[in-house]
Amino acid sequence: MRLYLCRAPWVGHGGAVMNGEFSITLLGTGCPVASTERFGPASLIRAGARQFLVDVGSGVTQRLIGADTNGAGIDALFVTHIHSDHLVDLYQLIITSWHQSRDRAHVVYGPPGIAKFVEDCMDMWRAERELRIAFERRSSVRAFDIEVVEFSDETPLIDEADIKVTPVLVDHRPVEPAFGFVFEADGRKLVLSGDTRYCGNLIDAAKGAELLVHEVFVHRPGPVAGTRTEEGAKGVASYHTLSSEVGRVAHEADVRCLALTHIVPPDADRQGLIDDARRDYLGPVVVGEDLMRFDLVTGTVTQGNTTFALA
Ligand SMILES: [Zn+2]
Ligand SMILES: [Zn+2]
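Read on for an overview of the structure. Note that the structure is predicted; figures quoted are calculated from it, not measured.

Details of the sheet that holds strand β3 (residues 50-54)
With mixed pairing, nine strands are arranged side by side in an open sheet as β6-β5-β4-β3-β2-β1-β14-β15-β16. Among the strands making up the open sheet, the edge pair consists of β6 (146-150) and β16 (306-309). Mean inter-strand twist for the sheet, computed between neighbouring axes without regard to direction, equals 20°. In this structure, β3 lies alongside strand β4 (residues 76-78), joined through three bridges in parallel fashion. Along β4, the bridge assignment pairs Val54 with Phe78. In the packing of helix α3 (residues 90-99) onto the sheet, contacts are made with β3, β4, β5 (106-110) and β6, and the angle to β5 comes to roughly 165°.

Here is the structure:
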C-alpha cells in the first residue's frame with residue numbers, strides 16, 4: 001500500500017466527537033472480472049451503532065465476516081445501480097443472514113427497478129427456501145421480509161441527528177439512473193461515487209468531503225489484452241472514470257483524501273494508479289484493498305495489522 005500525504009490536517013471541522021464510529025470498510029474493490037484478491041463491489045459503513053452496506057457484489061458475505069460482522073447486523077442496504085457486479089450476492093446476503101439468526105426485516109434502498117429485482121430474486125428461490133425453512137426450523141424467518149424503498153432523486157434517505165444519507169445522481173449511462181451516496185456524521189462527510197464517468201454533479205456533492213471513495217478504470221493506449229476488442233474496451237471505459245481523470249475529480253471537489261475502488265482491471269498496477277491520480281491531486285491517494293478500513297473520526301486507514309495516519 002502506498003500513501004501520499006498532504007499537509008492539510010485531516011480533522012479540522014470542529015464539532016463534537018461522535019460517540020462511536022464513523023468508518024468505511026472496503027469489502028470488495030473489484031469489478032465484474034473475477035479476482036481472488038479483489039471481490040465484487042461492496043462497502044460497509046459504520047456510523048455510531050449502525051451498520052450500512054453499499055452494494056452487494058460477489059463475496060460480500062465472506063468479506064463481512066472478515067470485517068467482524070455479518071448479514072444479521074446490517075441495518076440497511078443502499079444499491080447504487082442495477083448492474084450485476086453490484087447486486088449478484090443479494091440473495092446470498094439474505095439467506096446467510098437467516099443462518100446468522102437475523103430476527104428483523106432487511107431494508108433495501110435502490111433506484112427504480114430494485115423492487116422488481118428483489119421480488120424476482122426471492123421468487124426464484126421460493127421453493128428451495130420453503131424446503132429449508134421447513135427442515136431447518138430456525139427461530140425466525142424475518143430475514144426473508146424485505147422492505148424496499150425506491151428512490152429517483154437526491155432527497156435524503158436517512159436524515160437523523162447523528163446520520164444523514166443522501167443519494168447523488170451520477171452519470172453511468174446507458175444505466176439510468178445511477179447513484180453515488182453521501183454519508184454525513186459527526187460533522188464529517190464521506191462520499192462514494194458508485195459507477196460513473198467524470199461527473200460534475202458528484203464533484204459538487206463531494207465538495208470538502210473528508211474522504212471520496214471513487215471508482216477507477218485504467219485504459220491505456222496500445223494493444224488490448226485478453227478477449228476484449230479495442231472497441232469493446234473503449235465502450236466500457238466511456239461510462240467509467242479513467243485513472244487519468246480521477247485526480248481531477250478529487251482536486252475539483254477539494255476532498256481531504258481520495259481512495260480508489262472498483263478497480264478495472266483488478267490487477268491494475270498500483271503505482272500506475274497513484275501516479276495517474278497524483279498528476280491533478282496533491283492530497284493523499286490510497287489504492288483501496290479488500291478489508292481496508294478508513295476511520296473518519298481518527299483520520300486513519302487500516303490494512304491488516306497496519307494503521308497509517310492520513311494527515
Ligand atoms: Zn460496476
Ligand atoms: Zn456499473
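A look at the coordination of the zinc ion (ligand 1)
For the zinc ion (ligand 1), every protein donor is listed as Asp85 (OD), His86 (NE2), Asp195 (OD) and His262 (NE2), and the spread of their distances is 2.1 to 2.2 Å. Here the donor residues of the zinc ion (ligand 1) are spaced in sequence according to D-H-x108-D-x66-H. In this structure the zinc ion (ligand 2) is found 3.4 Å away from the zinc ion (ligand 1), and Asp195 serves as a bridging donor for the pair. In this pair, Asp85 is assigned in helix α2 (residues 84-87) and Asp195 in the loop between β10 (188-192) and α6 (200-206), connecting sequence segments 110 residues apart. Judged by its relative accessible area of 8%, Asp85 falls in the buried class.

What about the packing of aromatic side chains?
As enumerated under the stated definition, the model contains nine aromatic pairs in all. On the numbers, 4.7 Å between centres and 65° between planes, the contact of Phe151 with Phe179 is edge-to-face. Taken together, the residues Phe151 in the loop between β6 and β7 (158-159) and Phe179 in strand β9 (residues 175-185) connect sequence positions 28 residues apart. Overall, the relative accessible area of 6% leaves Phe151 in the buried class. Classification of Phe179 as buried rests on a relative accessible area of 0%. Over the ring of Phe144 we find Arg129; its NZ or CZ atom is 5.4 Å from the centre of that ring. The cationic tip of Arg138 hangs over the ring face of Trp98; the distance from NZ or CZ to the ring centre is 5.2 Å.

Describing the environment of Cys121
Inspection of the secondary structure puts Cys121 in helix α4 (residues 114-124). Cys121 sits in the buried class, given a relative accessible area of 12%. Separated by 31 residues in sequence, Cys121 and Leu90 have C-alpha atoms that sit 8.3 Å apart.

Some points on the pattern of salt bridges
Following the criterion strictly, the structure yields 21 salt bridges and no others. The residue Glu37 makes a salt bridge to Arg270 at a minimum N-O spacing of 2.8 Å. Of this pair, Glu37 sits in the loop between β1 (21-28) and β2 (42-48) while Arg270 sits in helix α9 (residues 270-278), and the two are 233 residues apart along the sequence. Taking the relative accessible area as the measure of exposure, Glu37 reaches 47% and is therefore partly exposed. The salt bridge partner of Glu136 is Arg132, with a shortest N-O separation of 3.1 Å. Of this pair, Glu136 and Arg132 both sit in helix α5 (residues 126-136), separated by four residues, roughly a single helical turn. For Glu136, a relative accessible area of 28% puts it in the partly exposed group. Judged by its relative accessible area of 29%, Arg132 is partly exposed.

Remarks on the coordination of the zinc ion (ligand 2)
Within the protein, the zinc ion (ligand 2) binds to His81 (NE2), His83 (ND1), His172 (NE2) and Asp195 (OD); these donor distances fall in the range 2.1 to 2.4 Å. Around the zinc ion (ligand 2) sit four donor atoms; with metal-centred angles ranging over 93 to 158°, the donor geometry is irregular. On the primary sequence, the residues serving as donors to the zinc ion (ligand 2) are separated as H-x1-H-x88-H-x22-D. For His172, a relative accessible area of 0% gives the class buried.

Some words on α9
Those residues of α9 that sit buried are Gly272, Leu273, Ile274, Asp276 and Ala277. In this fold, the buried residues of α9 make contact with β11 (211-217), α8 (243-253), β12 (258-264) and β13 (285-287).

Focus on the sheet that holds β11
Strands sit in the order β7-β8-β9-β10-β11-β12-β13 across an open sheet of seven strands; the sheet is mixed. The sheet is open, and its two edges are formed by β7 and β13, each paired on a single side. In this sheet, β12 lies alongside β11 in parallel orientation, the contact comprising six bridges. Paired with Glu215 across the strands is Thr261, a residue of β12. This element, α8, spans β11 and β12 of the sheet and lies at about 160° to β11. Contacts from α9 reach β11, β12 and β13, with the element oriented near 155° to β13.

Analysis parameters
- Residues numbered from 1 in each chain as written.
- Chains lettered and ligands numbered in written order.
- Predicted model: local features only at pLDDT ≥ 70, side-chain atom pairs only at ≥ 80, totals over all residues.
- Heavy atoms only, no water.
- Pairing = 2+ DSSP bridges.
- Helix = DSSP H or I, 4+ residues; strand = E, 2+ residues; numbered from the N terminus.
- Axes fitted to C-alpha atoms, helices over the stretch in contact; angles between N-to-C directions.
- Contact = heavy atoms within 4.5 Å.
- Donors = N, O, S within 2.8 Å, 3.2 Å for Na, K, Ca; no water.
- Buried < 20%, exposed > 50% of the residue type's maximum accessible area, 1.4 Å probe, protein only.
- Phe/Tyr/Trp six-rings, centres within 6.5 Å; stacked < 30°, edge-to-face > 60°.
- Lys NZ or Arg CZ within 6 Å of the ring centre and 35° of its normal.
- Salt bridge = Lys/Arg side-chain N within 4 Å of Asp/Glu carboxyl O.
- Tetrahedral: all angles 85-135°; square planar, octahedral: opposite > 155°, others 65-115°.

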